[in-house]
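The residues making up each chain are set out below.
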Amino acid sequence: METEILIVGCGVAGLYCALNLPTDKLVTIITKDACEKSDSFLAQGGICVLHDENDYDAFFADTMRAGHGENNPAAVDAMIRSSRAVIDDLVAFGTDFARSGDDFAYTKEGAHSRPRILFHEDETGREITSHLLAEVRTRPNITLIEYCTMVDLLTADGECRGIIARDRDGRYFAIRADYTVLATGGIGGLFTHSTNYRHLTGDALALALEHDVRLAHIDYIQIHPTTLYTKDEGRAFLISESVRGEGAILLNSKGERFVDELQPRDVVTAAILAEMKKEGSEHVWLSLDPIPTEEIRSHFPHIYEHCLQAGYDITKEPIPVVPAQHYFMGGIDVDLDSQTSMERLYAVGETACNGVHGRNRLASNSLLESLVFARRAAQKITNTYQKAPETAVPDISPEHYAESTGAYKAAVLAAIEKEKQSHA
């Protein structure tokens, strides 16, 4: 298969990158599952934005403080200064953020010093991603292919020239491209308990390891403090940070509050795990009692319905919650234009690491960061576009790739563990 720009993944980063590329370029987007099965659809809380010019210093400080000062200041600056333009784009594509009169309604989450988060009920990610996807489907220069898995990078002369892929029928084939953008999301599928879709298994990281593409901070893995506790395995249901931002409190088995719920996620997670260990319990409790019933039903309708189906009425009783793997701050090392250490290869979204999050992501910065740096990737590709030389396609051995893909998860987990040990 031939294309000019290939994007692997169709969450907000992949979709927005495609929408910012010239319409005279042939763009192909592949995704491992259905288009709607990206983690971007699962984002509940909201998306950060620079509230006003006076908010810059506080927004910058909040992001740096949550990241324990290990953030890349230039990346944080670029994200914040680009936030309003991104929101304008999203609104133009049809995204319906909550309003307070003529202005946006802003909410606040943990580790934020003021309200600066836009939202749509408790499924902001779905609202944003669905409109981006709808816009992509109107563009005649963009082709979307579902159930198509990347199994290798196609390289020549130290450059990326596309990928080797496998379709839903198990057939292997090459996709040649002048530029390739990896937007494959997080690594939740490597963990027993995660809020991520199970098919997100760090494929791009495995191939980066295979091809000596530089990685960064791959042991920086965020555990979300509050997911609904059940005895079932599978994807954990997230109880959004914004629930605590609106007043919900954490309680132990005695009904005692034991932590400031609005501290950074890693701090709250550590406190919950310590309380569980002290009590010998499998979860703690989250009480929404401080939040008015009507606000719960209007701001968090999908959380309310899900908990109700699980047997809990959050307007009347606390719910059991437990931490679970949620987000990946590390990834493929990229510059401020999302370019990797390999020529013609870019990485955006959760699979990339530009340093904006540091060691711990500030709540609701994920959607914003993905969008800002996806657009920067598109702009860099557009401004420096050069046709790739003709690339010979190697003999494709299905047996080889079947064996390789089975080892990818182990390779990524081993690399993460090695990184942890080096920091320890």
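Quantities reported herein were computed from a predicted structural model and do not represent experimental measurements.

**Student:** Residues and numbers for the overall build of the protein chain, please.
**Tutor:** A tally of helices and strands in the protein chain yields eleven helices and 21 strands. When its C-alpha atoms are laid out on the principal axes, the protein chain stretches across 65 × 50 × 40 Å. Taking all 424 residues of the protein chain together, 59% fall into the buried category. When the accessible surface of the protein chain is summed, it comes to about 16900 Å², and 47% of that surface belongs to carbon and sulfur atoms. Each charge class in the protein chain can be summarised by its mean position, and for the 40 positive and 64 negative side chains these summaries are 1 Å apart.

**Student:** Let's hear about the pattern of salt bridges: which residues, and what values?
**Tutor:** Applying the stated criterion to the full structure yields 28 salt bridges. Residues Asp62 and Arg116 are paired through a salt bridge, measuring 2.8 Å at the closest nitrogen-oxygen approach. Of this pair, Asp62 sits in helix α2 (residues 56-66) while Arg116 sits in the loop between β5 (103-104) and β6 (117-118), and the two are 54 residues apart along the sequence. For Asp62, a relative accessible area of 2% corresponds to the buried category. Connected through shared salt-bridge partners, Asp52, Asp55, Asp62, Arg65, Arg114 and Arg116 make up one network.

**Student:** Before we move on, could you go through the packing of helix α1 (residues 12-19) against helix α4 (residues 124-136) and cite the residues and values that matter?
**Tutor:** Where α1 contacts α4, the axes come no closer than 9 Å and their chain directions differ by 40°. Taken together, α1 and α4 sit at an angle that is classed as oblique. Regarding α1 and α4, the two cross each other, and that crossing is left-handed. Facing α1, whose interface residues are Val12, Leu15, Tyr16 and Leu19, α4 presents Ile128, Thr129, Leu132, Leu133, Glu135 and Val136.

**Student:** Account for the packing of aromatic side chains, naming residues and giving values.
**Tutor:** Under the counting rule described, the total for this entry stands at five aromatic pairs. On the basis of an interplanar angle of 50° and a centroid distance of 5.0 Å, the ring pair of Tyr179 and Tyr385 is categorised as tilted. On the criterion of sequence distance, the pair formed by Tyr179 in strand β11 (residues 179-182) and Tyr385 in the loop between α10 (366-383) and α11 (398-423) is long-range, its members being 206 residues apart. Like Tyr385, Tyr179 is buried. Aromatic ring contacts, followed pair by pair, group Tyr179, Tyr346 and Tyr385 into a single cluster. Above the ring of Tyr385, the side-chain terminus of Lys25 is found at 3.9 Å from the ring centroid.

**Student:** I'd love a proper account of the layout of surface pockets, names of residues and values included.
**Tutor:** Put simply, the second largest pocket is a space of about 360 Å³. Taken together, 20 residues form the lining of the second largest pocket, with His193, Leu228, Thr230, Asp232 and Ala236 sitting closest to its centre. Looking at the lining of the second largest pocket, the elements with two or more residues in it are β14 (221-228), β15 (234-235) and β18 (319-328). Of the residues forming the lining of the second largest pocket, the biggest block, four residues, is contributed by β18. The class makeup of the residues in the lining of the second largest pocket is ten nonpolar, six polar and four charged.

**Student:** Describe the sheet that holds strand β10 (residues 172-176), listing the residues and the values that go with them.
**Tutor:** What the three strands build is an open sheet, ordered β8-β9-β10; its pairing is antiparallel. Each end of this open sheet is capped by a strand with a single partner; those strands are β8 (149-156) and β10. Neighbour-to-neighbour, the strand axes of this sheet turn through a mean angle of 30°, independent of strand direction. Alignment of strand β9 (residues 159-166) against β10, held across five bridges, turns out to be antiparallel. Along β10, the bridge assignment pairs Ala165 with Phe173. Most of the contacts of α11 go to β8, to which it runs at about 110°, and overall it touches β8, β9 and β10.

**Student:** Describe the pairing of β9, listing the residues and the values that go with them.
**Tutor:** For β9, a buried count of seven out of eight residues is recorded, marking the element as mostly surrounded by other parts of the structure. The pairing of β8 with β9 spans seven bridges and is classified as antiparallel. When the sheet's bridge partners are listed, Thr155 is paired in β9 with Cys160. The antiparallel hairpin formed by β9 and β10 contains five residues in its connecting segment, where Gly170 sits at a positive phi of about 85°.

**Student:** Describe the sheet that holds strand β21 (residues 352-353), naming the residues involved and giving the relevant values.
**Tutor:** Paired through their backbone hydrogen bonds, the strands of a sheet run either parallel or antiparallel. Ordered in space as β13-β19-β21, the three strands form an open sheet in which the pairing is mixed. If you trace the sheet from one side to the other, it starts and ends with β13 (215-216) and β21, each paired once. As paired strands, β13 and strand β19 (residues 331-333) are joined by two bridges and run antiparallel to one another. Along β19, the bridge assignment pairs Ala216 with Gly331. Of the strands in this sheet, β13 and β19 are in contact with helix α5 (residues 203-210), which crosses β19 at around 45°.

**Student:** Talk me through the pairing of strand β17 (residues 284-287); I want residue IDs and the actual numbers.
**Tutor:** Here three bridges tie strand β16 (residues 249-251) to β17, and the two strands are oriented antiparallel to one another. Note on β17: the bridge partner recorded for Leu250 is Leu286. Taken together, the three bridges between β17 and β18 define a ladder with antiparallel strand orientation. In the sheet register, Trp285 faces β18, and the bridge partner there is Pro320.

Basis of the calculations
Residues numbered from 1 in each chain as written. Predicted model: local features only at pLDDT ≥ 70, side-chain atom pairs only at ≥ 80, totals over all residues. Heavy atoms only, no water. Helix = DSSP H or I, 4+ residues; strand = E, 2+ residues; numbered from the N terminus. Buried < 20%, exposed > 50% of the residue type's maximum accessible area, 1.4 Å probe, protein only. Areas by Shrake-Rupley, 256 points an atom, 1.4 Å probe, with all protein chains shown as cover. Lys, Arg positive; Asp, Glu negative; His and termini not counted. Charge placed at Lys NZ, Arg CZ, Asp CG, Glu CD. Salt bridge = Lys/Arg side-chain N within 4 Å of Asp/Glu carboxyl O. Axes fitted to C-alpha atoms, helices over the stretch in contact; angles between N-to-C directions. Parallel < 35°, antiparallel > 145°, perpendicular 65-115°, else oblique. Left-handed = near helix turned anticlockwise from the far one by under 90°. Contact = heavy atoms within 4.5 Å. Phe/Tyr/Trp six-rings, centres within 6.5 Å; stacked < 30°, edge-to-face > 60°. Lys NZ or Arg CZ within 6 Å of the ring centre and 35° of its normal. 1 Å grid on protein atoms, 1.4 Å probe; cavity = no way out; pocket = protein on both sides within 12 Å on 5 of 7 lines; lining within 4 Å. Points joined across faces, edges and corners; volume = space filled by probe spheres on them. Nonpolar A, V, L, I, M, F, W, Y, C, P; charged D, E, K, R; others polar. Pairing = 2+ DSSP bridges.

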